[in-house]
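Here are the chains, one letter per residue:
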Amino acid sequence: SDRVFSLSDFPSLKASLSYLDSASTSLTPKVVIDAMDVYYQNYRASTHRGMYASALQATKEFEAVRTKVAAFIDANESEVIFTSGSTASAQLIIATLEHNLDLREGDEILVTELDHHGTLVPIQQLAKREKMILKGVPVNDQFQIEESVFESFVTQKTKIASLIHGSNVTGTIVSVKNLVEILRSTNAFVIIDAAQTVGHIPLSFRDLNADALFFSGHKMCGPTGVGVLIFKEKWIQTFTPPYGGGGAVQSVSKEKTIFLENGKKFEAGTPPIAEVIGLGAAIDYLEKNNVGKIADHTKEIISYAQSILQKLPYIRTYAASDNVGVLSFTIPGIHPHDIAHVLGEEGVAVRAGFQCAELVARKVSENGIVRVSVYGYTTKEDIDTFSNALQKVAATFSL
């Protein structure tokens, strides 16, 4: 079989299921579930608070993941902030910027047509509150952001820029490093949404040179309910957190609060302890299987799917050539939900709709699209099953 991951590692992956919805959420290997179970069964306690054995162990295991995350994406340990997911990370960045930056009426925020609602919606709301101008950079016919076009949108008034690293609709791997370079001629604060790329392609926070980057555990073999936000060291030092609470502070008096010096100052409250421990196990799993190898595998599977779909005259596909493992398609005249329903009855799991990225999804189709997304456990047999199920779709709708 042509998997990178072993089928037996994934308890929920039955042979009867062709799971082609990994961009929505990846499946969870047993090692991740086990790591969380061990915490709940053997050393269940809150972190950073107790002096007894299980609390000390919980803190040690939890903090070991911070070290692991930093090494995995090439950041400093003090820059790593645990959140409940990418959307929570995006909200936290935006609240922090509103709280700390001098944002004025007429200042500009830059987004792209590929952006996910997780960042786009809170940025839209920020622009409205602060009377800022929101500018959206369009994608070209190949679903790429062209550097010359992007540059024409950047001005000295650009205060915040949000870039998505991998599109969850077209699979585009955006050359964010080059776009960040263009933005460095301004004082813009640059955010990278790496939810679709961390654990899917090799990347380095340091190399990308952004001010902040975030991702979710559940899209990279980890559990739901955990995400990571990385703030560049200088911002960790200068920003005051928009939210306060226990665990984020050094000392509190009636007059003032002194926050911690590192990323923990953004982690008010009890963190998702088991989920962070699960994320650590997921990183170990991905490193063992080699992220570069996973990237090559998903590219191969997506181009195999593309070659099959191109033979079907009634199908239109939308996928970038430099691809993170995502392909979307439509059948003119048939609603994406109806297609997904028939495929589901045939044991093929896909996603239909706008994929929480309406700007690009509506650009290709008014009713949304059907999305196929793959990962290290997806095989060519899965794509063959999908291809056979499409014959059922064709028969059902007399194509």
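**Student:** What is the right way to read the overall build of the protein chain from this model?
**Tutor:** Secondary structure summary: the protein chain contains 13 helices and 15 strands in total. Taken against the 2.2 N^0.38 rule, which gives 21 Å for 399 residues, the C-alpha radius of gyration of the protein chain at 22 Å falls within 12% of a compact globule. Taking the principal axes of the C-alpha coordinates as reference, the protein chain spans close to 75 × 55 × 30 Å. Burial analysis of the protein chain (399 residues in total) assigns 55% to the buried set. Within the protein chain, contacts between residues at least 6 apart in sequence are counted, and of these 71% link residues at least 24 apart. Split by element, the accessible area of the protein chain, about 16400 Å² in all, is 50% carbon and sulfur. Each charge class in the protein chain can be summarised by its mean position, and for the 36 positive and 44 negative side chains these summaries are 4 Å apart.

**Student:** Whenever I open this one, the packing of aromatic side chains confuses me. Can you help?
**Tutor:** Each aromatic ring pair is characterised by the separation of its centres together with the angle its planes make. For the coordinates displayed, the defined rule picks out 19 aromatic pairs. Look at Phe5 and Tyr285: their rings are 5.1 Å apart centre to centre, the planes differ by 55°, and that puts the pair in the tilted class. Taken together, the residues span a long stretch of sequence, with Phe5 in the segment before strand 1 (18-19) and Tyr285 in helix 9 (residues 273-289) at a distance of 280 residues. Classification of Phe5 by relative accessible area gives buried; the value is 1%. Arranged with centres 5.3 Å apart and planes meeting at 75°, the rings of Tyr39 and Tyr43 form a pair that is edge-to-face. A relative accessible area of 0% places Tyr39 in the buried class. Ring pairs connect the aromatic residues Phe5, Phe10, Tyr19, Tyr285, Tyr375 and Tyr377, which therefore count as one cluster.

**Student:** I would appreciate a short explanation of the side chain of Ser167 in the present structure.
**Tutor:** If you trace the backbone, Ser167 turns up in the loop between strand 5 (158-164) and helix 6 (176-183). Take Ser167: its relative accessible area is 0%, and that puts it in the buried class. From its side chain, Ser167 meets the backbone nitrogen of Val169 in a polar contact 3.0 Å long. When near neighbours in sequence (up to four residues on either side) are disregarded, Ser167 contacts Leu114, Thr172, Gln196, Val324 and Val326.

Conventions used here
- Residues numbered from 1 in each chain as written.
- Predicted model: local features only at pLDDT ≥ 70, side-chain atom pairs only at ≥ 80, totals over all residues.
- Heavy atoms only, no water.
- Helix = DSSP H or I, 4+ residues; strand = E, 2+ residues; numbered from the N terminus.
- Rg over C-alpha atoms; globule rule 2.2 N^0.38 Å.
- Buried < 20%, exposed > 50% of the residue type's maximum accessible area, 1.4 Å probe, protein only.
- Contact = heavy atoms within 4.5 Å.
- Areas by Shrake-Rupley, 256 points an atom, 1.4 Å probe, with all protein chains shown as cover.
- Lys, Arg positive; Asp, Glu negative; His and termini not counted.
- Charge placed at Lys NZ, Arg CZ, Asp CG, Glu CD.
- Phe/Tyr/Trp six-rings, centres within 6.5 Å; stacked < 30°, edge-to-face > 60°.
- Polar contact = N/O pair within 3.5 Å; in protein donor to acceptor, adjacent residues only side chain to side chain.

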